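Tertiary structure, described
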Amino acid sequence: MVRGKKNNSRPSSTLLPILIIAALILFSSSTVVHLITEVWWFEAVGFAEVFWTQLIWRSLVWLGTFVVFALFLWGNYHLAMRFTPTEGGQFVFKQRYLRSRSLRFLEIRDLDLYVKSLPNYIALVAILLTSLIAASSSIGTWETIVKYLNAKDFGSVDPIYQRDIGFYIFQLPFYEGIRDWLLALLIGAVVVSVIVYILKGSINTAGSFSRFISGKPKIHLSILLAVISVLVAISFWLGRYHLLYSEEGVVFGAGYTDVHARLAALSIMSFLALALAFLFLLGTRQNTTTLPVYGMGLFIVALVLLRGIYPWFQQQFIVEPNELAKEKSYIAHNIQLTRQAYGLDVVQTEQYPAKAQLNRQVLQENQSTIGNIRLWDYRPLLSTYRQLQEIRLYYRFRDIDIDRYTLDGNYQQVMLAPRELSYDQVPQRARTWVNQRLKYTHGYGLVMSPVNRVTSQGLPEFLIKDIPPASEVDDLQVTRPEIYYGEETDTYIFTGTSTDEFDYPSGGENASNRYEGKGGVPMGSLLRKLAYAYDLSSLKILISNYFTKESRIHYYRQIKERVSQVAPFLRLDNDSYITLIDGKLQWVLDAYTVSDRYPYSEPFTGDNRNFNYIRNSVKVLVDAYDGTMQFFVVDENDPILASYRQIFPKLFTSSETVPPQVREHFRYPLDLFKIQAQMYLSYHMSDAEVFYNQEDLWRLPTEVYEGNQQLMEPYYMIMRLPEGQTEEFILILPFTPGNKDNMVAWMAAHSNSENYGKLLLYEFPKQQLVYGPKQVEARIDQNPQISQQLTLWSQQGSKVIRGDLLVIPIQESLLYVEPIYLRAEQGELPELKRVIVAYDEEIVMEESLEQALVTMFGKEKPQQQPQPVPVPKTEVPANLAQSALETYNKAQKAAQEGNWADFGRYQKELEEILKELNSGKLDAPKKRSDLSQ
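Residues numbered from 1 in each chain as written. Predicted model: local features only at pLDDT ≥ 70, side-chain atom pairs only at ≥ 80, totals over all residues. Heavy atoms only, no water.

A short note on the overall build of the protein chain
Rules: Secondary structure elements follow DSSP: runs of H or I no shorter than four residues count as helices, runs of E no shorter than two count as strands, and numbering proceeds from the N terminus. For each residue, the accessible area found with a 1.4 Å probe, counting protein chains only, is set against the maximum for its type, and the residue is called buried under 20%, exposed over 50%, and partly exposed in between. Any pair of residues with heavy atoms lying within 4.5 Å of one another is described as a contacting pair. Where accessible areas are quoted, they stem from the Shrake-Rupley method and a 1.4 Å probe; at the residue level, only the protein chains shown are allowed to cover.
Assigned secondary structure in the protein chain consists of 29 helices and 35 strands. Looking at the protein chain as a whole, 50% of its 933 residues qualify as buried. The contacts of the protein chain with a sequence gap of at least 6 include a subset with a gap of at least 24, amounting to 67%. Accessible surface, the protein chain as shown: approximately 44,700 Å² in total, 54% of it carbon and sulfur.

As structure tokens, this is what we get:
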């Protein structure tokens, strides 16, 4: 009988572990399949080395944590069981309750063997689950580990401890991570051991407090608590460095109280924690727990005194009565390191006199600036694009991008938008699996228009339009218009199937195509179809007859998601933009390295972001047709990027290898400029006392759009800076005082390659009033002619839209330009109807920018005409009057086109012809020929 029971118990005793293993395999099968498909994807995009580096480190961290936690917790459980033997090895809980009447059936049915092993199984499951949770929680620390192993110096030190900034970015997070990891491990061991000791009666909660535990259990717990105390001591010691991120003072970073009170307190508490650890070990030699208990009490008292009362006393009675004198040097540290962290320490400051010296000659000398004034606000232009050029309901323009091109030798700013496919707008009856995955696979082409040209109907003048794309300029030819990867492409598709893809609408029929690119993952084999069917939970992938050996699956097609899949450690700008390079559509994404560990640097919070260091170190180029990604380095001096380049040596491409035709389209990032401008509102003040008093605080200007006040956004424009020799692509933004609406300065960021990233600040004279955007708009509202016209339009069923008010710096003067659009109340097709120009004290509104400038600057002083001298008609050439008329017509055409250089030349030629007509010279044809040359 006994032998039979033993044989029957063997399979039963292993049943639970088998079930656990089976559950783990079932749970992990989806993860394994997903990892396999991820390997295929990374191999297809050419970044397999990045995937394996991340996977190996994540696996090592996960496996190491799981093994260490499982073994350590099980070891402590095993020790606790050994240190508290009871009758039959049973728990006190079982002795007291298991043999009660309600549970006596366990003995009757001869299940005592299971009852004895049940606690071990419960403990095993609990320990495995705890280890799994710990391993999953720690998997994200792989990046901290590899950055620690590939740390770089910043070349500058903090002002308190004189440590290189790299210590705080790379080493300190690693040390804190190790501390947290060990604390979690030891606390888990304490919890497991205490639970065992309580259930087995080794902890006497009813007895004397000084003798509630004794013997080996006491030694066991004392050693664990002693090690925890050592880790607490390390935590206090590392906390000294965290004072550089203190928010207790007048500025972010260590202040007077932090350095003179909290620093000493943390050092003392660190030594007290070590003393407490010694008391725990010393207590193992005694029969009572009095010594460690008193030690913990004294430790808590010291914590309250040193971490609470002492710093409060010093702050209240020493610092606050003399705050400026005490905090001045620490404010200076905050200003210096904040400017370094945001790249504001390299801002070059110049004076901008804002003189009223614009005239026709100055405008002619700055014709490239005048010819690139942006008359199209991106918001009404987006609505116009959608009405005129989306062509079909399933196409969508997501937003408007701004870039510049050299067209027929002219440097021209343009606005453009890719025509992406939005499957959500396909009619419901057409939303089949075949259409979604095999037919509607890509968008098509783009629309482009110059920023300053308007048709007679008030609509944009297109450089590229229609389907297929038709270009008005030889320099802009689209040879590969298909968009398989973009901002709207958030679903997976298949190419290379036995059915044609929908290409674009063509009259009453649709043009079709077959994908010819190298994008996507090959999935011709049955194994790959099976894997993707399981990973994507789609049986149709496995049973569809459309797939061939050349079939490919395209996923991670949304460009930001695609880039983040390869480089999750990079932050991406919100404004990715499309470019046309060598006939191909290419996306450009600005990528940042960020950190929240820069000492003394004021954190930037917004858009769910929190950091105090940022660099635009990488530009990512994504091909819209095949999804190829290239990570170009644009900041070789960023230590964080240098660390990543060492971790992933094949990921990044050096800045020297960027093709010139690609570099021409790099622009200063919009998000970075906004962040820098926001921080510069306070941190333009370099004097600590001025900063403390906040006496020169700036703010961003406001403007009105569709009746709502909003912050003015930075805007790109082509202009020549005061000290510049040629026009450049610039990103600018004005500033106003904290409590006034006049302008005090404007900031500019270069985008051209030779000056890329250079920041300039132009300050206006403080004794001079320079109108800010809000004041100019108020003056426009107060102009009776303009206000009357805008009101009249509004009463006639039209919606008046006032576009961005642009402040245009021209040769130490300022010109303000605001476009006016009209839109039907029930319509979505805004038309540009008027342009308002403000300069000095004058405001005009005309049908075009050219007419407004002529009205404002084109008036000539009347000249006293000499008495006409009678000239025989036979002495005047017959073609002289005709030449005068032709020259006049040429001048008018040049003015309408905004070509002020030709306008001035024709005006001079006309003046000479009129003089000839007046004097009756017969050699006029020769002179006119000379002028034309």
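From this point on, the discussion continues.
Observations concerning the nonpolar core
What counts is decided by this rule: Throughout this description, the term nonpolar core refers to a set of buried Ala, Val, Leu, Ile, Met, Phe, Trp, Tyr and Cys residues connected via side-chain atoms within 4.5 Å.
In this structure, Phe 631, Leu 651, Phe 652, Phe 735, Leu 815, Tyr 816 and Val 837 are the most contacted members of the largest nonpolar core, which totals 215 residues. Counting residues in each nonpolar core, the second largest holds 21 residues, with Leu 183, Leu 186, Tyr 197 and Leu 231 among its members.

Comments concerning the sheet that holds strand E11 (residues 493–495)
Formally: Paired strands are those between which DSSP finds at least two bridges.
Sheet architecture is open: three strands sit in the order E11-E15-E14, paired in antiparallel fashion. One side of each edge strand has no neighbouring strand; the edge strands of this open sheet are E11 and strand E14 (521–522). Judged from the two bridges that link them, E14 and strand E15 (residues 552–554) form a sheet pairing that is antiparallel. Its bridge partner being in E15, Pro 522 is matched across the sheet by Arg 552.

Quick look at the environment of Met 448
Inspection of the secondary structure assignment puts Met 448 in strand E7 (residues 446–450). Sequence separation of Met 448 and Val 414 is 34 residues, and the distance between their C-alpha atoms is 6.7 Å. Those residues in contact with Met 448, other than ones at most four positions away along the chain, are Tyr 385, Tyr 405, Val 414, Met 415, Leu 416, Phe 462, Leu 463, Ile 464 and Leu 476.

What to know about the packing of helix H11 (residues 290–319) against helix H12 (residues 323–341)
Here is the rule we go by: Every axis corresponds to a line fitted to the C-alpha atoms, with the helix fit spanning only the stretch in contact, and the corresponding angles, defined between N-to-C directions, vary from 0 to 180 degrees. Amino acid classes used here: Ala, Val, Leu, Ile, Met, Phe, Trp, Tyr, Cys and Pro are nonpolar; Asp, Glu, Lys and Arg are charged; the rest, including Gly, are polar.
Where H11 meets H12, the closest approach of the two axes is 9 Å, and the angle between their N-to-C directions is 115°. Residues Gln 315, Ile 318 and Val 319 of H11 lie in contact with H12, whose contacting residues are Glu 323, Lys 326 and Glu 327. Residues of the contact of H11 with H12, tallied by class, amount to two nonpolar, one polar and three charged.

Considerations on the confidence of the model for the protein chain
Let me state the cut-off plainly: Per-residue confidence from the predictor is reported as pLDDT, which spans 0 to 100.
On average, the protein chain scores 87 in pLDDT, and the residues at 70 or more come to 86%. pLDDT under 50 marks residues 860–876. Its contacts with residues more than four places away, or in other chains, come to 13 contacts. Below a pLDDT of 50 lies the segment residues 920–933, which in the model reaches 22 contacts outside its immediate sequence neighbourhood of four places, other chains included.

Overview of unusual backbone geometry
With an omega of -10°, the peptide bond running from Ile 467 to Pro 468 counts as cis. Note on placement: Pro 468 falls in the loop between strand E8 (464–465) and strand E9 (470–471). Positive phi outside glycine occurs at Ser 537, with the angle close to 55°. Relative to the elements of secondary structure, Ser 537 occurs in the loop between helix H17 (526–535) and helix H18 (540–543). With a relative accessible area of 68%, Ser 537 lands in the exposed category. Non-glycine residue Asp 582 carries a positive phi angle of around 55°. The topology assignment puts Asp 582 in the loop between strand E17 (577–581) and strand E18 (584–595). Among the residues examined, Asp 582 registers a relative accessible area of 59% and is labelled exposed.

Some points on the packing of helix H7 (residues 142–149) against helix H20 (residues 639–647)
Here is the rule: Should an angle fall under 35 degrees it is taken as roughly parallel, and over 145 as roughly antiparallel, whereas 65 to 115 is taken as roughly perpendicular and any remaining angle as oblique.
Between H7 and H20, whose axes approach to 9 Å, the crossing angle comes to 95°. Of the possible angle classes, the one that applies to H7 and H20 is roughly perpendicular. Contact residues: H7 offers Glu 143, Val 146 and Lys 147, while H20 offers Ser 643, Tyr 644 and Ile 647. Residue composition of the contact of H7 with H20, grouped by class: three nonpolar, one polar and two charged.

Some words on the packing of aromatic side chains
Going by this rule: For this analysis, a ring pair means two rings from Phe, Tyr or Trp (six-membered ring only for Trp) whose centres lie within 6.5 Å, classed as stacked if their planes differ by under 30 degrees, edge-to-face if by over 60, and tilted for the remaining angles.
In total, this model carries 56 aromatic pairs according to the counting rule given. Aromatic pair Tyr 484 and Tyr 625: ring centres 5.5 Å apart, planes at 80°, arrangement edge-to-face. Separated by 141 residues along the polypeptide, Tyr 484 in the loop between strand E10 (482–483) and E11 and Tyr 625 in the loop between strand E21 (613–623) and strand E22 (629–633) bring together distant segments of the chain. Neither residue differs from the other here; Tyr 484 and Tyr 625 are each classed as buried. Here the aromatic rings of Tyr 839 and Phe 857 are separated by 5.3 Å at their centres, their planes lie at 55°, and the arrangement is tilted.

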